[in-house]
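Coordinates in review
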Amino acid sequence: MVILQKQVCKRRRALGWEEAKLERFDGKCKWSGRKEDRLVGCSMQGIRPPILNGPMHPRPLVALLDGRDCTVEMPVLKDVATVAFCDAQSTQEIHEKVLNEAVGALMYHTITLSRDDLDKFKSLRIIVRIGSGFDNVDIKAAAELGIAVCNVPSSSVEETADTALCLILNLYRRVTWMHQALREGTRASSVEQIREVAGGAARIRGETLGIIGLGRVGQAVALRAKAFGFNVIFYDPYLPDGVERSLGLQRMTTLQDLLIHSDCVSLHCSLNEHNHHLINDFTIKQMRQGAFLVNTARGGLVDEKALAQALKEGRIRGAALDVHETEPFSFSQGPLKDAPNLICTPHTSWYSEQASVEAREEAAKEVRRAITGRIPDSLKNCVNKEYLKTAPQWPSMDPSTVHPELNGAGAYR
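Along each chain, residues carry numbers from 1 onward, in the same order as the chain's sequence is written. Where totals are concerned, whole chains, interfaces and linings use all residues; where local detail is concerned, this predicted model gives features only for residues with pLDDT of at least 70, and gives and counts side-chain atom pairs only at 80 or more. Side-chain calculation: all heavy atoms of the structure are included, whereas hydrogens and water are not.

Notes on the overall build of the chain
A run of H or I in DSSP becomes a helix once it reaches four residues, and a run of E becomes a strand once it reaches two; helices and strands are each numbered from the N terminus. Across its full length, the chain carries 13 helices and 15 strands. Here the chain holds 413 residues, and the buried ones make up 54% of them. Put simply, of all contacts in the chain between residues at least 6 apart along the chain, 62% involve residues at least 24 apart. Here the accessible surface of atoms and residues is derived via Shrake-Rupley with a 1.4 Å probe, and residues count as covered only by protein chains that are part of the display. Just so you have it, the chain exposes about 19700 Å², and 50% of that area is on carbon and sulfur atoms. Burial here depends on accessible area, computed with a 1.4 Å probe over protein chains only, as a share of the maximum for the residue type. Under 20% is buried, over 50% is exposed, and the range in between is partly exposed. Any two residues whose heavy atoms approach within 4.5 Å at even a single point are treated as in contact.

Some remarks on the sheet that holds strand S5 (residues 82–85)
Sheets are built from strands paired through backbone hydrogen bonds, the pairs being either parallel or antiparallel. Reading across the sheet, the 5 strands line up as S5-S4-S6-S7-S8 and stay open at both edges, with parallel pairing between neighbours. The open sheet has two edge strands, S5 and strand S8 (148–150), and neither has a second partner. Pairwise comparison of adjacent strand axes, ignoring direction, gives a mean angle of 20° for this sheet. One bridge is not enough; two strands pair if DSSP finds at least two bridges between them. One ladder, built from 4 bridges, connects strand S6 (residues 102–107) with strand S7 (residues 126–129); its direction is parallel. Bridge pairing in S7 places Leu 106 opposite Val 128. Angles shown run from 0 to 180 degrees and are taken between the N-to-C directions of axes, each axis being a line fitted to C-alpha atoms and, for helices, limited to the stretch in contact. Its contacts with the sheet place helix H13 (residues 353–372) against strand S4 (61–64), S6, S7 and S8, and it is angled at close to 165° to S7.

Comments concerning the layout of surface pockets
In this analysis a 1.4 Å probe is tested at points of a 1 Å grid over the protein atoms alone, and where it fits but cannot get out there is a cavity; an open set with protein on both sides within 12 Å along at least five of seven lines is a pocket; lining residues have an atom within 4 Å of a point. Grid points are joined across faces, edges and corners, and a volume is the space filled by probe spheres set on the points. The computed volume of the second largest pocket comes to approximately 470 Å³. Residue lining of the second largest pocket: 20 residues in total, with His 109, Thr 110, His 324, Glu 327 and His 347 positioned closest to the centre. Its residues assigned to classes, the lining of the second largest pocket comprises 5 nonpolar, 10 polar and 5 charged. Amino acids outside the nonpolar list (Ala, Val, Leu, Ile, Met, Phe, Trp, Tyr, Cys, Pro) and the charged list (Asp, Glu, Lys, Arg) are all regarded as polar, and Gly is one of them.

Remarks on the pairing of strand S14 (residues 316–321)
Counting buried positions along S14 gives 5 out of 6 residues, so the element sits mostly inside the fold. Whether a crossover is right-handed depends on one test, that the path from the first strand over the helix to the second runs clockwise when the strands point away from the viewer. The β-α-β motif built from strand S13 (residues 291–295), the intervening helix H12 (residues 304–313) and the parallel element S14 has right-handed crossover chirality. Both S14 and strand S15 (residues 342–344) contribute to a ladder of 3 bridges, which runs parallel. Across the sheet, Ala 319 pairs through a bridge with Leu 342, a residue of S15.

Observations concerning the sheet that holds S13
Strands sit in the order S11-S10-S9-S12-S13-S14-S15 across an open sheet of 7 strands; the sheet is parallel. What marks the edges here is a single partner per strand, and that holds for strand S11 (250–251) and S15. Docked against the sheet, helix H5 (residues 157–173) engages strand S9 (208–212), strand S12 (264–267), S13, S14 and S15, running at close to 155° with respect to S13. Relative to the sheet, helix H8 (residues 216–227) contacts S9 and strand S10 (231–235), its axis offset from that of S9 by approximately 175°.

Quick word on the packing of aromatic side chains
Put simply, two rings from Phe, Tyr or Trp (the six-membered ring, in Trp's case) pair if the centres are within 6.5 Å, and we call them stacked under 30 degrees between planes, edge-to-face over 60, tilted for the rest. Enumeration over the complete set of coordinates arrives at 4 aromatic pairs. Geometrically, the ring pair formed by Tyr 172 and Phe 292 is edge-to-face, given 4.8 Å between the ring centres and 65° between the ring planes. Taken together, the positions of Tyr 172 in helix H5 and Phe 292 in strand S13 put the pair 120 residues apart, joining distant regions of the chain. The exposure classification of Tyr 172 matches that of Phe 292, with both residues buried. Here the aromatic rings of Trp 350 and Tyr 351 are separated by 5.3 Å at their centres, their planes lie at 90°, and the arrangement is edge-to-face. Taking the relative accessible area as the measure of exposure, Trp 350 reaches 26% and is therefore partly exposed.

Printed below as a string of structure tokens:
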């Protein structure tokens with residue numbers, strides 16, 4: 001059932017604007033305000049019409065699809081758009097008004113937009129993923145429909161890297177299992193008892209950490225790991241030659257080389273049609289006997305059935321997963337429910353209060369750039385620019401109609 005938060009966009013009386021709002025009404029939304037202030041949700045032969053804005057024109061509707069808090073986004077957008085939220089898990093739960101009239105969409109990772117889903121939106125021109133991954137959006141289909149897709153790749157780099165290293169250290173030092181043993185009443189007073197409860201704990205210095213995907217997070221993990229004494233190697237076929245020298249790392253030319261030489265493998269690559277189940281039964285057998293595996297990237301990179309079997313057989317000594325093939329994750333179901341030496345967290349490596357606010361602000365600013373500028377030229381992080389066809393543009397907003405104190409340049413926390 002769609003829940004739409006009451007959102008009141010205060011308009012500047014000096015510019016002749018009146019109040020408009022989206023409010024809850026029997027589980028759906030109703031619109032109040034001037035009749036002429038409504039958006040036009042028409043399309044002509046699949047080409048999305050230009051969206052006008054400014055004091056004398058309809059205001060664009062921007063919707064947060066899978067969340068219910070717009071308090072961070074509102075200060076950035078309130079003078080150029082009407083903002084509402086849907087709190088939906090699928091497009092079937094999104095109100096018809098949003099499907100017909102929304103020109104901008106903000107979204108997290110809990111909703112998926114396939115080609116069929118995108119077709120339901122009649123006026124949509126920009127989607128911004130509040131986060132770095134965008135595998136839950138069909139970016140090629142969006143481009144064909146004239147919809148730009150953007151992400152926020154930088155906001156959670158430190159949080160994700162810190163979490164990855166935390167999980168790596170946890171596997172080596174077995175902190176989680178020692179804590180669990182004490183909670184269960186285990187006493188460790190003698191050397192023999194300590195040896196039993198801490199069995200498997202290993203020294204870090206001199207171990208080889210293999211990083212798959214040396215993007216922003218991968219590089220941050222590499223720098224942190226070196227400080228702990230890891231030898232760091234990486235595999236990333238998309239990076240230009242010489243990156244390894246600037247960072248003081250060793251580059252592996254093939255995935256197999258990395259797996260063979262790594263004591264611990266950490267995944268930091270995006271998910272696409274080419275690397276689904278990158279870690280599977282075949283690649284696990286290429287890893288060192290008793291290696292560790294950490295995944296804070298995307299759940300689809302790991303074949304969880306193959307991982308569970310490898311953990312049970314001891315081919316992999318331990319694994320730590322923040323992301324899973326099926327989310328939200330539950331230990332009570334799925335192939336990992338009986339797997340030993342496994343740490344799982346609920347896709348939270350990206351989160352801190354600071355990172356969350358920064359990601360939301362930057363996502364809202366990207367929508368603002370789309371409204372006041374040109375698509376895709378004005379966008380900062382458009383991920384489907386190469387596929388995006390020429391489409392009608394939003395006319396640039398007259399700077400004199402935008403109040404400086406509401407232009408989204410400040411921090412709204």
